[in-house]
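Coordinate analysis (summary)
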Amino acid sequence: MQKSSDSECIPEPIPPAPLSADRQAQKAGQLFSGLLAVNVVFLGSAFISSMIFNKVAITLADVWILLSILKVLCLFWIIYYLLGTSQQPHAVLYRDSHAGAIWIRGKFLLLFGSCSILLNVFQIGYSTILIHCKSRVEIVFPSIGILFICTQVLHITLLEACLFSLSHSWECGLMLTIATNLLLWLLAVTNDTLHMEIESQLRNGTTLCTCPNTTICQVFQKGYILLYPFNTEYCLVCCSVLYVMWKNVGRRISHHHTPHTTPKFKLQGVVFGPLLGTSAVIIGACVFMMYQIQATSLVPSRQVFVIYYSYYIVLLPLMSVGAVIGTIIHALEKKELDTLKNPTRSLDVVLLMGAALGQIGMSYFSIVALVATDPRDQLNSLALSYSVLLIFQNITQNVFVIDGLHRQRAVAATEAKHARHAGQHTVAAELPGDEEMTSLSYIQIYSHLSWKRRVLREISFFLVLCNIILWIMPTFGAHPLFENGMERSFYGYSTWFVIVNFGLPLGVFYRMHSVGGLLEVYVTA
């Protein structure tokens, strides 16, 4: 395999082979590796389920041992491939310009990976301090996790957008790694649900293994709780990228396909979207802090739930209107649909639709409970409006994002001309002390954008910031559907607990994945 200085995958001559034979071999490899992943996931799920329902026979340490074995197998396979298989001729065929969404490439993956590594460091430190009442497995498991995360991030960063020659061992290795990440996500979700159960029922904080009154122990404990949500997001992001890599094994690009220039993220040409979005983030942060202070007390204030629901009732219609306007503009544009086969885009659509089912499902269960009890009560009416608006917002945003992802990127000559003209002002504006020229350059670029592209960018950026704050609030502890007690009293504690903890992780992932889709729409508008 030939590599350039910037780690790009360079096309190499491929020995000719019958297309039908390649396709048949690719299908056989996907079937075998898929069956391997299904069996591993079922085995791990059986262990985790047994741990939840029968803690005596299967303990958390047993689950950690199983996942440690899977991590070690993945580590050996990744190292073997990076050092051996990838160096063979024709191991990497092409670089796919579509494989790997903008929000996943580099920065976001490194952010989630770094937070997951810090999470494991805090877990090791916390378990070391409490070694008298902790199992040694609680130190070994995060230690292996650090090696696994570092190697996996390196592996994905180097080869995420490459097309690979047909190799069944490569397909099986990718599927084994996907299954391991899925099981790690499932374990993280179940541990988080158990933590929520303790927080909701027993607020006195008494446990068999208490943290001593030392600063370092408190730092490890608080840091672990703070970084915990990033680990669940990291596992799902890795599954998404690895799935695209798995789909690219044995895939061939037609000769007439020429990769386009990937647009870069720039804030030029947007004004109102960042202003409105920043206002929504600031107000949401204030509401979130008030909620955390009041709702985590022994007797949660009814007023804090009213404020929380009121914020959503104001914000969700604005987001829905923006998504509807963006969809109408997409329909008015005469931009052709991109029909080129794209595994990343197909996965993005599936993830958006699937993850949205979490919030939509919880909302419908909440609507039934509220209508059947007392919908005229102030808090119940607010919660009912919140659930209805949340369903409508999820649907309209999905339509807007999916429609935008399927639009071809327009590179018109007139826009290039305007960009060159505006670039002259930009060069002049870079001179020190010339703030007026900088403002003039920004206005020039803004005015040269067509009104349709300008509105699409404003809407996309506004929705990006709104989804970020709607990701932060439930991720770091704002769970009114579980803490207000209305739905819980209707369905019963156990049933509602299962419903919330099925939909809540999906809702959190939906918001973060929506940010990625909206960034794609923004840069390609």
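Residues numbered from 1 in each chain as written. Predicted model: local features only at pLDDT ≥ 70, side-chain atom pairs only at ≥ 80, totals over all residues. Heavy atoms only, no water.

**What to know about the overall build of the protein chain**
The test is simple: Note on conventions: DSSP H or I runs of at least 4 residues are helices, E runs of at least 2 residues are strands, and numbering of each starts at the N terminus. The rule is simple: take the accessible area with a 1.4 Å probe, protein chains only, and divide by the maximum for that residue type; under 20% is buried, over 50% is exposed, in between is partly exposed. Any two residues whose heavy atoms approach within 4.5 Å are treated as being in contact. Reported accessibility uses the Shrake-Rupley method at a 1.4 Å probe radius. Residues are deemed covered only where the shown protein chains occlude them.
Within the protein chain one finds 16 helices and 2 strands. For the protein chain, buried positions account for 50% of its 525 residues. Partitioning the contacts of the protein chain with sequence separation of at least 6, the portion at a separation of at least 24 is 86%. Of the roughly 25,200 Å² that the protein chain leaves accessible, carbon and sulfur atoms contribute 68%.

**A closer look at the confidence of the model for the protein chain**
Caution applies to low-pLDDT regions: their predicted coordinates should not be interpreted in detail. Formally: As a per-residue measure, pLDDT tells how confident the predictor is, with possible values from 0 to 100.
In the predicted model, the protein chain carries a mean pLDDT of 77, and the fraction of residues at 70 or more is 70%. Scored below 50 in pLDDT, residues 1-8 shows 14 contacts in the model against residues more than four places distant or in partner chains. Below a pLDDT of 50 lies the segment residues 411-435, which in the model reaches 20 contacts outside its immediate sequence neighbourhood of four places, other chains included.

**Let's talk about the nonpolar core**
Considering soluble globular proteins, one finds that nonpolar side chains tend to be buried as a cluster. The following threshold applies: Only buried Ala, Val, Leu, Ile, Met, Phe, Trp, Tyr and Cys residues count toward a nonpolar core, and they belong to the same one when joined by side-chain atoms within 4.5 Å.
With 117 residues, the main nonpolar core has Tyr309, Phe400 and Met473 as its most contacted residues. Here this core gets 15 residues from one element, more than from any other, and that element is helix α6 (residues 215-247). Sequence-distant contacts of tyrosine 309, defined by excluding residues within four places in its chain, comprise Leu379, Leu382, Ala383, Tyr386, Pro480, Leu481 and Asn484. Counting 5 residues, the second-largest nonpolar core is a separate cluster that includes Phe461, Leu465, Tyr522 and Val523.

**Focus on the pattern of salt bridges**
The criterion, for reference: For salt bridges, the criterion is a side-chain nitrogen of Lys or Arg within 4 Å of an Asp or Glu carboxyl oxygen.
Under the defined criterion, the tally for this structure stands at 1 salt bridge. In this structure, the salt-bridge partner of aspartate 377 is arginine 302, at a minimum N-O distance of 2.7 Å. Of this pair, aspartate 377 sits in the loop between α9 (343-372) and α10 (378-405) while arginine 302 sits in helix α8 (residues 302-332), placing them 75 residues apart in sequence. Relative accessible area serves as the criterion here: at 41%, arginine 302 is assigned to the partly exposed category.

**Comments concerning empty space enclosed by the protein**
In this approach, a probe sized like a water molecule rolls over the atoms, and the result shows the empty space that is left. Put simply, the rule reads: Definitions used for this entry: grid spacing 1 Å over protein atoms alone; cavity, a set of points where a 1.4 Å probe fits but cannot get out; pocket, an open set with protein on both sides within 12 Å along at least 5 of 7 lines; lining residue, one with an atom within 4 Å of a point. Grid points are joined across faces, edges and corners, and a volume is the space filled by probe spheres set on the points.
Tallied over the full model, the rule gives 3 cavities of 30 Å³ or more. Empty space within the largest cavity amounts to approximately 190 Å³. In this structure, the largest cavity is lined by 17 residues; those nearest its centre are Gln359, Met362, Tyr386, Pro474 and Leu504. Going through the elements one at a time, α8, α9, α10, α13 (451-475), α14 (480-483) and α16 (493-524) are the ones with two or more residues in the lining of the largest cavity.

**Quick word on the environment of tryptophan 451**
Tracing the backbone shows tryptophan 451 in helix α13. C-alpha separation for the pair tryptophan 451 and isoleucine 329, spaced 122 residues apart in sequence, amounts to 9.8 Å.

**Some words on the packing of aromatic side chains**
This is how the line gets drawn: Pairing of aromatic side chains here covers Phe, Tyr and the six-membered ring of Trp, requires ring centres within 6.5 Å, and sorts the geometry by plane angle: under 30 degrees stacked, over 60 edge-to-face, intermediate tilted. Over a ring means this: the NZ of a Lys or the CZ of an Arg is within 6 Å of the ring centre and within 35 degrees of the ring normal.
Within the structure shown, the criterion is met by 17 aromatic pairs. Ring geometry for tyrosine 308 versus tyrosine 309: centroids 6.1 Å apart, planes at 80°, classification edge-to-face. Under the relative-accessibility criterion, tyrosine 308 is labelled buried at 2%. Given a relative accessible area of 0%, tyrosine 309 falls into the buried group. Residues phenylalanine 365 and tyrosine 491 carry aromatic rings whose centres are separated by 5.8 Å and whose planes lie at 75° to one another, so their mutual orientation is edge-to-face. Here the residue phenylalanine 365 occupies a position in helix α9, and tyrosine 491 occupies one in helix α15 (residues 486-491), the gap between them amounting to 126 residues. Judged by relative accessible area, which is 22%, tyrosine 491 ranks as partly exposed. Across the ring face of phenylalanine 141, the terminal group of lysine 71 is positioned such that the distance to the ring centre comes to 4.0 Å.

**Remarks on a nonpolar patch on the surface**
Rules: Within this analysis, patches are made of residues with over 30% relative accessible area and no salt bridge. Like charges are joined at 9 Å or less; nonpolar side chains (Val, Leu, Ile, Met, Phe, Trp, Tyr) at 5 Å or less.
A contiguous nonpolar patch, built from Val324, Ile328, Leu332, Phe392 and Trp451 and spanning about 490 Å² of accessible area, is present on the exposed surface. Considering each element in turn, the nonpolar patch owes the most residues, 3 residues, to α8. Relative to the helices and strands, valine 324 is located in helix α8.

**Structural notes on α13**
Here is the rule we go by: Expected helix span is taken as 1.5 Å per residue step, with the number of steps being one fewer than the number of residues.
Relative to the 36 Å expected for 25 residues at 1.5 Å per residue, α13 spans 36 Å between its end C-alpha atoms, a close match to the ideal helical length. Where α13 terminates, the next one or two residues include glycine 477, which has phi positive at roughly 120°.

**Some details on the side chain of asparagine 394**
Put simply, the test is: Whenever two N or O atoms come within 3.5 Å, that pair is a polar contact, provided that in protein one can donate a hydrogen and the other can accept it, and provided that, for residues adjacent in sequence, both atoms are side-chain atoms.
Residue placement: asparagine 394 occurs in helix α10. A distance of 2.7 Å separates a polar atom in the side chain of asparagine 394 from the backbone oxygen of leucine 390. Excluding residues within four positions of it along the chain, asparagine 394 makes contact with Ala356, Gln359, Ile360, Tyr510 and Arg511.

**Digging into the packing of α6 against α16**
Here is the rule: Between N-to-C directions, angles span 0 to 180 degrees; the directions come from axes that are lines fitted to C-alpha atoms, helices contributing only their stretch in contact. These descriptions rest on fixed angle ranges, namely under 35 degrees for roughly parallel, over 145 for roughly antiparallel, 65 to 115 for roughly perpendicular, and the rest for oblique. Here is the rule for handedness: rotate from the far helix to the near one, and if that takes an anticlockwise turn smaller than a right angle the crossing is left-handed, while a clockwise turn gives right-handed. As a working rule, the residues Ala, Val, Leu, Ile, Met, Phe, Trp, Tyr, Cys and Pro are called nonpolar, Asp, Glu, Lys and Arg charged, and the rest polar, with Gly in that last group.
Between α6 and α16, the shortest axis-to-axis distance is 11 Å and the interhelical angle comes to 60°. Classified by the interaxial angle, the pair formed by α6 and α16 is oblique. Here the hand of the crossing between α6 and α16 comes out right-handed. Contacts between α6 and α16 pair Glu233, Leu236 and Ser240 from the former with Val508, Phe509 and Met512 from the latter. When the residues that make up the contact of α6 with α16 are grouped by side-chain class, the tally is 4 nonpolar, 1 polar and 1 charged.

**Side note on the environment of lysine 222**
Considering the arrangement of structural elements, one finds lysine 222 in helix α6. Residue classification places lysine 222 among the exposed positions, given a relative accessible area of 54%. Sequence spacing of lysine 222 and phenylalanine 122 is 100 residues, and the spatial spacing of their C-alpha atoms is 9.0 Å.

**Considerations on the side chain of aspartate 403**
One can find aspartate 403 in helix α10. What makes aspartate 403 buried here is its relative accessible area of 18%. Once residues lying within four places of it in the same chain are set aside, the contact partners of aspartate 403 are Thr327 and His330.

**Comments concerning the environment of phenylalanine 502**
By the secondary structure assignment, phenylalanine 502 is in helix α16. C-alpha of phenylalanine 502 to C-alpha of methionine 362: the two residues are 140 residues apart in sequence and 8.7 Å apart in space.

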